[in-house]
Amino acid sequence: MTTKKLMLTGLLTATVFGLASASFAAQPPAPAAATTTAATPTAGDPVSADQLANAGTDDKQAGNWLMVNKTYDSNRYSSLNEITPDNVAGMKLAFAVPLNGLEPSSFGVGALEGTVLAKDGFLYAVDGWGTPYKIDATSGKEGKIVWICDTGITKDPTSGLLIANRGLALVGNNVITNLNDGRVVACDDSTGQVAWQQQITKNPGEGFDGAPLVADGKIIVGQAFGDWATRGFIAALDAATGKELWRFYTVPEPGQPGSDTWKCDQAKNPDCWKTGGAAAWVTGSYDPSTKTLYWGTGNPVPMFDPEYRPGDNLYSNSTVALDAETGKLKWYFQYTPGDYHDYDEVGSQQLVNVKIGGEDRKVLAHFGRNGIFYTLDRTNGAFIQGTPYVNKLNWTKGLDPKTGLPVEYDPSKSLQVYGTGALNRAGGTVNTCPNLQGGINYWPSAVDPTTNVAYGAGIEGCSNLTNKTVAPNAVKAGQIFQGGGATNAEPQKGSVFSYDVATGKQIAKQGLPYPNYAGVSITPSLLFAGQVDGTFGAYDKKTLEEKWSINIGNAFEAPPTIFAINGKEYVAIEGGPIGNADFGYPELKGKPAANMLYVFSL
Amino acid sequence: MNLNRPARLAALAALILGFAATTALADDAAPAAPATTAAPAAAAAPAAASDAGDPTQSPAIELSAATQPPNIQRGKLVFQTTANCVNCHGWPGDGSTGKNPRSPGIAANLRQSQLDTNTMIQIVSCGIPGSAMPYHDSQAYKDTRCYGQLLKDFAPDQQPSPGHYINAQDIINVVAYVQQKVKGRGAITKAECEEYFNRPGAAACQDYQ
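Residues numbered from 1 in each chain as written. Chains lettered and ligands numbered in written order. Predicted model: local features only at pLDDT ≥ 70, side-chain atom pairs only at ≥ 80, totals over all residues. Heavy atoms only, no water.

Focus on the overall build of chain B
Here comes step 1: A count of helical and extended segments in chain B gives six helices and zero strands.
Here comes step 2: The order of α-helices and β-strands along chain B, N terminus first, is α-α-α-α-α-α.
Here comes step 3: Looking at chain B residue by residue over its 209 residues, the buried ones come to 50%.
Here comes step 4: Across chain B, the fraction of contacts at a sequence separation of at least 24, relative to all contacts at a separation of at least 6, is 63%.
Here comes step 5: Accessible area of chain B: about 9100 Å², with a carbon and sulfur share of 54%. (Helix = DSSP H or I, 4+ residues; strand = E, 2+ residues; numbered from the N terminus. Buried < 20%, exposed > 50% of the residue type's maximum accessible area, 1.4 Å probe, protein only. Contact = heavy atoms within 4.5 Å. Areas by Shrake-Rupley, 256 points an atom, 1.4 Å probe, with all protein chains shown as cover.)

So this is what it looks like as structure tokens:
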């Protein structure tokens, strides 16, 4: 592409998205120039609102993956069907690209959890520090790094945060990343240089690690570090400048609706809500027809010490529906009130239009970390149905068919006692199933929009939880704050499964030798997933039997991306360190790792 | 460097005496906490080790395996990276501050530890079966060096779990670090934190006085 055309494209982008030429918002630290390693950067066309809205239905987007969960309804479904159960035996590694970002935090190496984006043969990958990489994959034979955007992140080895980032967003001619230091940064797609940056968080410990979502001309981000003694929020930024437009706190302050569910005075700890967590650390969904955002929220903090924060703790462990224009709460559904099992519900919020009992319903389907597959009416948050999807579930005897709340839930109590028994300062151990990591945790599930069948993969097993009281004056923002601990009750297994959204009934399920910690993506005939032991596999979508796999050594904690180059189907996935996801298997523990992007094809 | 026998004995004596003499040997600053009192080896043996007899009789790592004087600075590196003790014990060793959020989170508070050097060497080497504390001696439970037991002696869900393997010298080094720089410490201070991270103004230290 010529310089002239590049300039024209830039001009067009500036016009369409109202980018003033001096839109560099002055924020520390000053970014350096991008590392440009390819001779001819290619700009491509700007990503438009229409392209994002039609990402799942426009044939022109069939070979692309423009946002973290592919579509606004988070279906992670690609219509590409070149690779099928009949020919997948011929699948092979097409090429691989090493990534940076193994620098440690204070407690060890981080994780690769990001979804790769794909646009017109170019890939957009992210490492654990949120650094974006643009990769030229147009040859189908090699991934050439076009640029690595220098966001100016301090790879601080004293950081007590979990070093992980779950993906990028594309808008106009910018690639958006949000960082664990609380900045949101736009990198110019043509040059890889920082176009603008904004410091969104203001308090110690706050930051981002879920992928941003571009919706309604805004960039939606979620404060991710609830377990580090902070207060969660979801914020909308102007897509052109990054200027904050609204913010919704997932923990209300005293006097706001819901604040009476934080009985901090009862704990003689009036500020307990300020460190209440409910972090929004995974990307939600968006319904453009009603301009509604659907976001999952994290556990109340500290996770294992409910006596520190008595009450139901709204809006922790919830789905919140927000008006995209104003950030006002439309409704919420809290899955596990007053939780002490770490069952936060940040996982995929899948928007499905489905016939239930002969009636057309707009539903939100969600594989809860608490082991239950839920469907809600997404117009008002009303509970429709819930089905356990894990083999063993003991924390509740069931859900109230009207409210969808666990039958043990007693609204008159400030400390709930679920089927596992109380976890409290008196001591003892609570054995809870599923594992505190799920079920399904941050890693995404998928829905086939042609059949309305939901697909997921997760953990089968149980955890032992203990309480360890922390004095309020020992709680420091930015330091991990859990109020106890957890171990695997036994070596954990995994499974891959499919459920009919209309009925909540299981269609297929297969056991996996290790817990799945990475999530799934689907095509008309296959499900792709990586496993913690380094297996990348293709599974027949009907039976979920493994049809093909390869072991590449690195652990997979990130989900696949399905895309096309000149009509040929490829699957991209990041693999790297296993961290603590060995689940007690000696052969997985502490394995050496390299941060890599793998691309497979026939 | 290979030490001659008298030097090794001096190193051994230093270990048994709670590292009273190690500041001269290690290239580290003077300990912040008073040197630990020499305690009889078996006095504070943990429950898991209680039936193992006198740990000095059959420790996983013989103290005489220390071919070099214990090196506290090296032990800190082992704590931070090689053995990744910090993953569960946290940087100050209290079992919660600065640990990996996805770690079990039930690690012992080493600051309040009563364990003497020999017992701590045994636990680092052999882990604590039935708990999340892993073993770090690559040969543990392959022979009977740990509590006289082999891996097959344990029920599948009670098997001790392996940690990052470290050599005998580094087990002694990391125990020297814990005994000297962690055990007996009171409230976390900014000075301690900045010394740990070797960086004035470290992010992890901003809230401490």
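Considerations on helix α5 (residues 168-182) of chain B
Residue and element names in this part refer to chain B.
Here comes step 1: Its 15 residues give α5 an end-to-end C-alpha distance of 20 Å, which sits within 8% of 21 Å, the value for a rise of 1.5 Å per residue.
Here comes step 2: Within α5, 14 of the 15 residues are buried, leaving the element largely enclosed by the surrounding structure.
Here comes step 3: The residue sitting at the N-terminus of α5 and contributing the capping side-chain oxygen is N167; that oxygen lies 3.1 Å from the backbone nitrogen of Q169.
Here comes step 4: Trailing α5 by a residue or two, G184 shows a phi angle of about 85°, which is positive. (Expected span 1.5 Å × (residues − 1). Polar contact = N/O pair within 3.5 Å; in protein donor to acceptor, adjacent residues only side chain to side chain.)

A closer look at the state of the cysteines
Here comes step 1: Tallying each qualifying case throughout the model produces five disulfides over all chains.
Here comes step 2: Across the disulfide, A:C149 is cross-linked to A:C187 (sulfur-sulfur distance 2.1 Å). On the S-S bond that ties A:C149 to A:C187, the torsion sits near -80°, and the link is left-handed. One end of the pair, A:C149, is in the loop between β6 (144-148) and β7 (169-171); the other, A:C187, is in strand β9 (residues 183-188), and 38 residues separate them in sequence.
Here comes step 3: Its relative accessible area of 0% is what places A:C187 among the buried residues.
Here comes step 4: Covalently, B:C126 is tied to B:C146 through a disulfide, its sulfur atoms 2.0 Å apart. Handedness here is read from the sign of the S-S torsion; for B:C126 and B:C146, about -80°, the answer is left-handed. (Disulfide = S-S within 2.5 Å.)

Some details on the pairing of strand β36 (residues 596-601) of chain A
Side-chain positions along a regular strand alternate between the two faces of the sheet.
All names here are of chain A.
Here comes step 1: When you tally the buried positions in β36, you get six out of six residues, the bulk of the element.
Here comes step 2: Because side chains alternate across β36, one face comprises the buried residues M596, Y598 and F600, and the other comprises L597, V599 and S601, equally buried.
Here comes step 3: Bridge analysis of strand β2 (residues 92-98) against β36 gives six bridges, and the strand direction is antiparallel. If you follow P98 over to β36, its bridge partner there is M596.
Here comes step 4: Alignment of strand β35 (residues 568-575) against β36, held across six bridges, turns out to be antiparallel. Bridge pairing links G575 to M596 in β36. (Pairing = 2+ DSSP bridges.)

Some details on the interface of chain B and chain A
Here comes step 1: At the junction of the two partners, chain B supplies 31 residues and chain A supplies 30 residues.
Here comes step 2: With both sides pooled, the region where chain B packs onto chain A buries about 2600 Å², and carbon together with sulfur makes up 51% of that total.
Here comes step 3: Among the residues of chain B in contact with chain A, B:P101, B:R102 and B:D207 are the three that bury the most area, contributing 28% of the side total.
Here comes step 4: Seen at the junction of chain B and chain A, the total is two salt bridges.
Here comes step 5: Of the charged contacts, one joins A:D156 and B:R199 as a salt bridge, the two residues approaching to 3.3 Å between their closest N and O atoms.
Here comes step 6: Where chain B touches chain A, the interface holds eleven residue pairs in polar contact (both at pLDDT 80 or more). (Buried area = accessible area lost by both parts, 1.4 Å probe. Salt bridge = Lys/Arg side-chain N within 4 Å of Asp/Glu carboxyl O.)

Topic: the side chain of A:Q385
Residues and elements named next belong to chain A.
Here comes step 1: Positionally, Q385 belongs in strand β22 (residues 383-388).
Here comes step 2: Residue classification places Q385 among the buried positions, given a relative accessible area of 18%.
Here comes step 3: In terms of polar contacts, Q385 uses its side chain to reach the backbone carbonyl oxygen of A502, at 3.1 Å.

With respect to unusual backbone geometry
Of all residues except glycine, most have a negative phi; of all peptide bonds, most are trans.
Residues and elements named next belong to chain A.
Here comes step 1: Note that the residue after C433, namely P434, is joined by a cis bond; omega there is 5°.
Here comes step 2: Locating P434 in the fold gives a position in the loop between β23 (429-432) and β24 (446-448).
Here comes step 3: With an omega dihedral of 25°, the bond running from G438 to G439 counts as a cis peptide bond.
Here comes step 4: The phi dihedral of A229 falls on the positive side, at around 65°, and the residue is not glycine.
Here comes step 5: By secondary structure assignment, the location of A229 is in the loop between β12 (218-222) and β13 (233-238).
Here comes step 6: One non-glycine residue, N313, adopts positive backbone phi at about 65°.
Here comes step 7: On the secondary structure map, N313 appears in the loop between β16 (292-296) and β17 (318-323).

Here's the deal with the confidence of the model for chain B
Residues and elements named next belong to chain B.
Here comes step 1: Averaged over every residue, the pLDDT of chain B is 76; residues scoring 70 or more account for 68%.
Here comes step 2: The weakest mean pLDDT in chain B belongs to helix α1 (residues 5-16) at 38; the strongest belongs to α5 at 96.
Here comes step 3: Predicted confidence is poor over residues 1-59, with pLDDT under 50, and the contacts of this stretch with residues over four places away or in other chains come to 96 contacts.
Here comes step 4: This complex was scored by the predictor with a pTM of 0.88 and an ipTM of 0.84. (pLDDT = per-residue confidence, 0-100.)

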